[in-house]
Amino acid sequence: AQSVTQLGSHVSVSEGALVLLRCNYSSSVPPYLFWYVQYPNQGLQLLLKYTTGATLVKGINGFEAEFKKSETSFHLTKPSAHMSDAAEYFCAVSRNYGGSQGNLIFGKGTKLSVKP
Amino acid sequence: IAGITQAPTSQILAAGRRMTLRCTQDMRHNAMYWYRQDLGLGLRLIHYSNTAGTTGKGEVPDGYSVSRANTDDFPLTLASAVPSQTSVYFCASSDSWHEQFFGPGTRLTVL
């Protein structure tokens, strides 16, 4: 069975500091991995995704994530936090759910706060 | 306007009442999904549909039903609402393994 664990339900950083949001997954098959962002009172928006190929993937708003198979991790980083990055971030892994394409298993989310 | 629309935006409902949440997409995606989002639990899949005319159960299907009469619409029905169904509901669609597109959500309160 596949699962996703996000370490830390709440992360707080200062503006300009490094953002690191942790995600570990378990999967018996090569996974597709995703990071989504949710701003207050909005739906989820894709930040970036890993399917195959290069293990370092770049997304929108300066975020990137690295797929590390040996560590079963897909941590999200951004070198310098901006106030507008304050949101909730969800890591997800795709799974084959009874033949359905692309059903996602989500982590429980990490709320990022950015202090001025 | 390309994307997913959901209606209503929010609703307060008396327990025992029937309620249908509407979801429409104009991207011609084959697959559609319904999730509920609860604090501290992330998003959990309720039902999904691979293509028009087919549906399947997700992680938390009890108390909910769906139909998929055409490609664009995927309504979610609560036959007899209970307070534990108070949540934010998101509809999503996809045409591949690579990305799901989400609607803006419906905030439902069952009293």
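Here the structure is a predicted model, which is why all the values come from computation and not from measurement. (Residues numbered from 1 in each chain as written. Chains lettered and ligands numbered in written order. Predicted model: local features only at pLDDT ≥ 70, side-chain atom pairs only at ≥ 80, totals over all residues. Heavy atoms only, no water.)

1. Things to note about the interface of chain B and chain A
- With 27 residues of chain B in contact, the opposing surface of chain A contributes 27 residues.
- Of the roughly 2,100 Å² buried at the junction of chain B and chain A (both faces included), carbon and sulfur atoms supply 52%.
- Summed over the shared surface of chain B and chain A, the number is 0 salt bridges.
- The tally of links between chain B and chain A comes to 2 residue pairs in polar contact (both at pLDDT 80 or more).
- Its residues assigned to classes, the side of chain B that touches chain A shows 11 nonpolar, 11 polar and 5 charged. (Contact = heavy atoms within 4.5 Å. Buried area = accessible area lost by both parts, 1.4 Å probe. Salt bridge = Lys/Arg side-chain N within 4 Å of Asp/Glu carboxyl O. Polar contact = N/O pair within 3.5 Å; in protein donor to acceptor, adjacent residues only side chain to side chain. Nonpolar A, V, L, I, M, F, W, Y, C, P; charged D, E, K, R; others polar.)

2. A short note on the pattern of salt bridges
Residues and elements named next belong to chain B.
- If you walk through the whole model with that rule in mind, you get 5 salt bridges over all chains.
- With a closest N to O distance of 2.9 Å, D72 and R28 form a salt bridge. With D72 in the loop between β7 (64–66) and β8 (76–78) and R28 in the loop between β3 (19–25) and β4 (31–38), this residue pair connects regions lying 44 residues apart in the sequence.
- Where D38 meets R44, a salt bridge forms, and the shortest distance between an N and an O atom there is 2.8 Å.
- Accessibility expressed as a relative area gives 14% for D38, which makes it buried.
- Its relative accessible area of 22% is what places R44 among the partly exposed residues.
- Salt bridges here are not isolated pairs; linked through shared partners, they connect R36, D38 and R44. (Helix = DSSP H or I, 4+ residues; strand = E, 2+ residues; numbered from the N terminus. Buried < 20%, exposed > 50% of the residue type's maximum accessible area, 1.4 Å probe, protein only.)

3. What about the sheet that holds strand β8 (residues 73–78) of chain A?
Residue and element names in this part refer to chain A.
- Here we have 5 strands laid out as an open sheet, ordered β1-β3-β8-β7-β6, and antiparallel in their pairing. Looking along the sheet, the strands with just one partner apiece sit at the ends: β1 (3–7) and β6 (56–58). On average, each strand axis in the sheet is inclined to that of its neighbour by 20°, with strand direction left out of account.
- Here β1 runs beside strand β3 (residues 19–26); their pairing, made up of 5 bridges, is antiparallel. Each residue of the ladder has a partner; that of S3, found in β3, is S26. (Pairing = 2+ DSSP bridges. Axes fitted to C-alpha atoms, helices over the stretch in contact; angles between N-to-C directions.)

4. Regarding the state of the cysteines
Residue and element names in this part refer to chain A.
- Enumeration according to the criterion identifies 2 disulfides over all chains in this entry.
- In this model C23 forms its disulfide with C91; the gap between the sulfur atoms is 1.9 Å. Its S-S torsion of approximately -65° makes the covalent link between C23 and C91 left-handed. Within this pair, whereas C23 is found in strand β3, its partner C91 is found in strand β9 (residues 87–97), the two being separated by 68 residues in sequence. Here C23 and C91 have matching classes, each one buried. (Disulfide = S-S within 2.5 Å.)

Purely geometric stuff here, so don't read any function into it on its own.
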